[in-house]
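Overview (structure and organization)
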Amino acid sequence: MTEPRLTRRTLIGGATAAAAGAAAGPADAAKRRRRPARRRPRQADVVVVGAGFAGLAAAAEVVRAGRSVVVLEARDRVGGRVLNHPIGGGDVVEIGGQWAGPTQDRLLALARELGVETYDTYNTGDNVYFRNGSISRYASTGPLGPVPPDPTGAPEAFLAIQRLNEMALTVPRDAPWAAERALEWDGQTFETWKQANTHTDGGRFLLDLGIEAVWAAEPRDVSLLHVLFYIHSAGNETTPGTFDRLINTAGGAQEKRFVGGSQRIALALAKRLGRRVVLRTPVRRVHHDGRWVRVVSDRLTVDARSAIVAVPPAVTGAIRFEPVLLPMRAQLLQRFPMGTVIKCMAFYDRPFWREEGLTGQATSDTGPCRITFDNTPPGGSPGVLLGFIEGEEARHWSTRHGDERQRAVIESFTRYFGDRAARPRNYLEMRWAEEEYTRGCYGGFTPPGVLTSYGRELRRPHGRVHWAGTETAEIWNGYMEGALRSGERAAREARADL
């Protein structure tokens, strides 16, 4: 097997012409005179910033309507927060987003259309529960889903989750700030609600683990209103979302994987778009005057009648807008942080845990990896254990040396799956907070007070500039499904400008 290895990709913009001229001497000036003139701007009906799932879906929708489009992507690849990594023998692992589940209709339909098959996440046997220094096993399936062996904490967490599901139903997906109790719920963190509504250490631990697994953040970071909106968004037009669907494997958001990796979908979309997608082109400035939009990058300028910005809020703030963003939009971007996660994988000759009747899924109160999955390719080898370092653990471990972090991750796997986990063939990790054009994962979230004060700005256009990205989605916010839907919605808005 080829050793899995991540290469650091750094995109460095060249000096501006003015800065270069100020530092240059007569000889340099002569060379500049001999250079060919700067290319004229490309023209299109719509220009899209970002070639993740949202940007590609928006561009595909524009083309479907018979209009012209140019997509500018800063990286040297498409997919955004979705990224395959080859491991040899034609197999890949995903070092970004990877799963799909029930009610993610757009994503699953698009995969079928593009010929990308799915298969079930390995979920046969028992899960591992590690708490207070003790390890135990519990069934991965059951009438109530997987129930950890905590006789007091599990029932309390179950009741708390059912209450959250009921509360979430009252939060409008398209306008969570309009919920009857929006001010009350947006005035507190999930941590505050948890402390007031649970009483056992086990119940609170399980809720903490759920929040960390979904948002890669801590319960103290996230507004309760945001959590409730997110829960309700995890469904479709006819099926309300539930917290269970967010955290479960069977019947949940982690139910299925894509043969050949989830990035195949983005790559296939980009192939359809062809030369309309321009890579290695970080956008620096967006100018609009009410009739036209000019998008300026290091390599290319595009003039269009409408623009769609399809990058995370934390990245949008690095783009200069002329005229400047309205104050409420600018302040929304200041208040929309990303989660913090390190995705870690260890490789073995075969998935030995399956021989012991284990799913490869573990939940733990001990870090750095408190959540694990079996990430083995569909052919059954090599065996791959996947662990997530999330929230506060990720903040801590991102400052440590890579070798130290690797040892700690392997110790986590050994704690849950025995001595055979201590000797992996290879190791791979992805630190998403270090990605210049992402700055974190899984998605952006809102702290208290943001949705009720600034939420109306999420999708409000800035002249002829429209906003896409999974953080703007009403359904499956934060997921690939939400990204696709947001791109389709922004494309409809942009077409109305034409």
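Refer to the structure presented above.
The residue numbers shown here count from 1 along each chain, following its written sequence. Per-residue local features of the predicted model are confined to residues with pLDDT of at least 70, and side-chain atom pairs are confined, for both listing and counting, to 80 or more; whole-chain, interface and lining totals are unaffected and use all residues. Side-chain calculation: all heavy atoms of the structure are included, whereas hydrogens and water are not.

Moving on, we get to a nonpolar patch on the surface. On the surface, Leu144, Val147, Phe158 and Leu159 cluster together into a nonpolar patch covering about 380 Å² of accessible area. As for its position among the elements, Leu144 is in the loop between strand S7 (134-139) and helix H5 (153-168). Relative accessible area serves as the criterion here: at 55%, Leu144 is assigned to the exposed category. Patches were defined on residues exceeding 30% relative accessible area and lacking a salt bridge, with like-charge contacts within 9 Å and nonpolar side-chain contacts (Val, Leu, Ile, Met, Phe, Trp, Tyr) within 5 Å. Areas reported here follow the Shrake-Rupley algorithm with a probe of radius 1.4 Å; residue values treat only the protein chains shown as occluding. Throughout this description, the term salt bridge denotes a Lys or Arg side-chain nitrogen within 4 Å of a carboxyl oxygen of Asp or Glu. Put simply, DSSP H or I for four residues or longer makes a helix, DSSP E for two residues or longer makes a strand, and each gets a number counted from the N terminus. Categorising residues by exposure relies on relative accessible area from a 1.4 Å probe, with only protein chains included: less than 20% of the type maximum marks a residue as buried, more than 50% marks it as exposed, and the intermediate range marks it as partly exposed.

Glancing now at the pairing of strand S11 (residues 293-297). The buried fraction of S11 amounts to four of the five residues, a majority that puts the element mostly inside the structure. Where strand S10 (residues 283-288) and S11 come together, five bridges link them in antiparallel fashion. The residue bridging His288 from the neighbouring strand is Val293, located in S11. Only when DSSP finds a minimum of two bridges between them are two strands counted as paired. As consecutive antiparallel partners, S10 and S11 are separated by four residues, and within that stretch Gly290 has a phi angle of approximately 95 degrees, a positive value. In terms of strand pairing, S11 meets strand S12 (residues 301-309) through four bridges, oriented antiparallel. Bridge pairing in S12 places Val293 opposite Ala304.

What follows concerns the pattern of salt bridges. Summed over all chains, the structure comprises 36 salt bridges. Where Glu355 meets Arg420, a salt bridge forms, and the shortest distance between an N and an O atom there is 3.4 Å. Of this pair, Glu355 sits in helix H14 (residues 352-355) while Arg420 is found in the loop between helix H16 (402-417) and strand S18 (426-431), placing the two residues 65 residues apart along the sequence. Its relative accessible area of 32% is what places Arg420 among the partly exposed residues. Here the salt bridges do not stand alone but share partners, grouping Arg220, Asp221, Glu392 and Arg395 into one network.

Glancing now at empty space enclosed by the protein. For cavity detection a 1 Å grid was placed over the protein atoms alone, and a set of points counts as a cavity when a 1.4 Å probe fits there but cannot get out; an open set counts as a pocket when protein lies on both sides within 12 Å along at least five of seven lines, with lining residues being those that have an atom within 4 Å of a point. Grid points are joined across faces, edges and corners, and a volume is the space filled by probe spheres set on the points. Under the counting rule described, the total for this entry stands at three cavities of 30 Å³ or more. Its volume calculated, the largest cavity comes out at about 80 Å³. Around the largest cavity, the lining comprises 15 residues; the ones closest to its centre are Val311, Pro313, Arg329, Ala468 and Thr472. Any residue outside Ala, Val, Leu, Ile, Met, Phe, Trp, Tyr, Cys, Pro, Asp, Glu, Lys and Arg is labelled polar, Gly included; the first ten of those are nonpolar and the last four are charged. Across the lining of the largest cavity, the residue classes tally to ten nonpolar, three polar and two charged. In this structure, the second largest cavity is lined by His226, Phe229, Phe336, Gly444, Thr446, Leu451, Leu458, Glu471 and Asn477. Taken together, the residues of the lining of the second largest cavity sort by class into four nonpolar, four polar and one charged.

Here we take up the nonpolar core. Residues Leu164, Phe190, Trp215, Leu224, Leu228 and Leu246 are the most contacted members of the largest nonpolar core, which totals 40 residues. Of the residues forming this core, the biggest block, seven residues, is contributed by helix H9 (residues 224-233). Here a residue-residue contact requires only that any non-hydrogen atoms of the pair lie within 4.5 Å. With near-sequence residues (within four places) excluded, Leu164 lies in contact with Phe190, Trp193, Leu224, Leu228, Ile231 and Phe243. Buried Ala, Val, Leu, Ile, Met, Phe, Trp, Tyr and Cys residues that are joined via side-chain atoms within 4.5 Å together make up what is termed a nonpolar core. With 39 residues, the next largest nonpolar core counts Val46, Leu56, Leu273 and Ala494 among its residues.

Because the α-helix completes a turn every 3.6 residues, residues three or four places apart line up on one side. Every buried residue belonging to helix H7 (residues 190-197) is among Phe190, Trp193 and Lys194, and all of these are buried. Axial view of H7: buried residues confined to an arc of 100 degrees, hence all on one face. Buried residues belonging to H7 abut H5, helix H8 (201-215) and H9. The arc refers to the directions leading from the helix axis to the C-beta atoms.

The next subject is the sheet that holds strand S16 (residues 371-374). With mixed pairing, seven strands are arranged side by side in an open sheet as S7-S6-S15-S16-S17-S14-S18. The sheet is open, and its two borders are formed by S7 and S18, each paired with just one other strand. Adjacent strand axes in the sheet meet at a mean angle of 20 degrees, parallel and antiparallel pairs treated alike. Pairing geometry for strand S14 (residues 341-348) and S18, over six bridges, is antiparallel. Bridge pairing in S18 places Phe347 opposite Asn426. Here an angle of 0 to 180 degrees is reported between the N-to-C directions of two axes, which are lines fitted to C-alpha atoms, with helices fitted over the stretch in contact.

By the secondary structure assignment, Ser140 is in the loop between S7 and H5. You can call Ser140 buried: its relative accessible area is 5%. When the C-alpha atoms of Ser140 and Thr359 are compared, they prove to be 7.5 Å apart, with 219 residues separating the residues in sequence. When neighbours within four sequence positions are excluded, Ser140 is seen to be in contact with Asn123, Gly125, Asp126, Asn127, Pro146 and Thr359. Any pair of nitrogen or oxygen atoms within 3.5 Å is treated as a polar contact; in protein, a donor-acceptor pairing is required on top of that, and neighbouring residues in sequence qualify only through side-chain atoms on both sides. Within polar-contact distance, the side chain of Ser140 engages the backbone oxygen of Asn123 at 2.9 Å.

This brings us to the side chain of Glu94. Topologically, Glu94 is positioned in strand S4 (residues 91-94). A distance of 3.4 Å separates polar atoms of two side chains, one belonging to Glu94 and the other to Arg257. Excluding residues that lie within four positions of it along the chain, Glu94 makes contacts with Leu83, Asn84, Arg257, Phe258, Gly261, Ser262, Lys343, Met345 and Asn375.

Let us now look at the pairing of S4. Across a regular strand the side chains alternate sides, sitting on one face of the sheet and then on the other. In terms of strand pairing, strand S3 (residues 84-88) meets S4 through four bridges, oriented antiparallel. Residue pairing in the sheet places His85 in a bridge with Val93 of S4. Taking the residues between adjacent antiparallel strands as the criterion, S3 and S4 are bridged by two residues, where Gly89 takes a positive phi near 65 degrees.

The subject of this paragraph is the environment of Ala473. Along the polypeptide, Ala473 turns up in the loop between strand S19 (465-467) and helix H18 (480-497). Residues Ala473 and Thr152, spaced 321 residues apart in sequence, show a C-alpha to C-alpha distance of 36 Å. Not counting chain neighbours up to four residues away, the residues in contact with Ala473 comprise Phe229 and Gly482.

With respect to the element layout, Ser364 can be found in strand S15 (residues 358-364). Looking at Ser364, its side chain comes within polar contact range of the main-chain nitrogen of Thr366, at 2.9 Å. Side chain to side chain, Ser364 and Tyr416 meet in a polar contact 3.0 Å long.

What follows deals with the packing of aromatic side chains. Pairing of aromatic rings covers Phe, Tyr and Trp, the last counted by its six-membered ring, and requires centre-to-centre distances within 6.5 Å; plane angles under 30 degrees mean stacked, over 60 mean edge-to-face, and any other angle means tilted. For the structure shown, the criterion picks out 17 aromatic pairs. Here Trp99 and Phe388 contribute two aromatic rings whose centre-to-centre distance is 6.1 Å and whose plane-to-plane angle is 55 degrees, an arrangement assigned as tilted. Of this pair, Trp99 sits in the loop between S4 and helix H4 (105-113) while Phe388 sits in strand S17 (residues 383-390), and the two are 289 residues apart along the sequence. Taking relative accessible area as the criterion, Trp99 reaches 13% and is therefore assigned buried. Taking the relative accessible area as the measure of exposure, Phe388 reaches 6% and is therefore buried. An aromatic cluster is defined as three or more aromatic residues linked by ring pairs; in this entry it consists of Phe130, Tyr348, Phe352, Trp353, Tyr416 and Phe417. A ring has a charge above it when a Lys NZ or an Arg CZ is no more than 6 Å from the ring centre and no more than 35 degrees off the ring normal. Positioned above the aromatic ring of Trp467 is the side chain of Arg329, whose terminal nitrogen or guanidinium carbon lies 3.9 Å from the ring centre. In this arrangement the basic side chain of Arg354 is found over the ring face of Tyr122, its NZ or CZ atom lying 3.9 Å from the centre.

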